[in-house]
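# Observations on the model geometry
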Amino acid sequence: MAKILSVASSEVLRTTRQLLLEQQGYSVCSALTLADVESIAKTEKVDLALVGHGFRGPEKRKIAHVVNQYYPGLPILEMCFQSPEIPGADFVLSDSPDDVIMAIQHVLAGRRVRGYTE
């Protein structure tokens, strides 16, 4: 099964998202900070980066920049409530667990996600 780099803005979200993803059979590397992302990127191979909705635009773009440095071409799925902040990334306009899992499945299958999955 795929390995996901999950970046969350709080410990509660990090833990909850990791449990959700592991219940779906994914291997998860969880990060809370940009330094965590960089540390994981130096040692782990991942198939997708999931950036949570709790970050502001500049933070999301910095996270994406580090992900792109270490994993050129890696799919990034951005969770957001309004407009996406990461240029070129797939995005899901929801924090519903079902919507997030569906979006992950679509992205890993090579399909684009531009807001909602249907």
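Presented here is an overview of the structure given in this document.

Calculation criteria
Residues numbered from 1 in each chain as written. Predicted model: local features only at pLDDT ≥ 70, side-chain atom pairs only at ≥ 80, totals over all residues. Heavy atoms only, no water. Pairing = 2+ DSSP bridges. Helix = DSSP H or I, 4+ residues; strand = E, 2+ residues; numbered from the N terminus. Contact = heavy atoms within 4.5 Å. Axes fitted to C-alpha atoms, helices over the stretch in contact; angles between N-to-C directions. Buried < 20%, exposed > 50% of the residue type's maximum accessible area, 1.4 Å probe, protein only. Salt bridge = Lys/Arg side-chain N within 4 Å of Asp/Glu carboxyl O.

### Concerning the sheet that holds strand β3 (residues 48-51)
An order of β2-β1-β3-β4-β5-β6 is seen for the 6 strands of this open sheet, with the pairing classed as parallel. The open sheet has two edge strands with one neighbour each: β2 (27-31) and β6 (114-115). In this sheet, β6 lies alongside strand β5 (residues 90-92) in parallel orientation, the contact comprising 2 bridges. Across the sheet, Val92 pairs through a bridge with Gly115, a residue of β6. In the packing of helix α1 (residues 11-23) onto the sheet, the strands contacted are β1 (3-7), β2, β3 and β4 (76-79), and the crossing angle to β2 comes to about 170°.

### Examining the environment of Thr43
Topologically, Thr43 is positioned in helix α2 (residues 34-43). The exposure class of Thr43 is exposed, given its relative accessible area of 62%. Distance from Thr43 to Ala8, taken between C-alpha atoms, is 19 Å for residues 35 residues apart in sequence.

### Some points on the pattern of salt bridges
Working definition: two side chains of opposite charge can pair if their charged atoms are close together. By the definition in use, this model includes 6 salt bridges. Ionic pairing is found between Glu11 and Arg14, a salt bridge with its closest N-O pair at 2.6 Å. Of this pair, Glu11 and Arg14 both sit in helix α1, 3 residues apart, which is roughly one turn of that helix. Across the pair Arg61 and Glu85 runs a salt bridge whose closest N-O atoms are separated by 2.8 Å. With Arg61 in helix α3 (residues 57-70) and Glu85 in the loop between β4 and β5, this residue pair connects regions lying 24 residues apart in the sequence. For Glu85, a relative accessible area of 32% translates into the label partly exposed.

Functional significance is not addressed by these values, which are geometric in nature.
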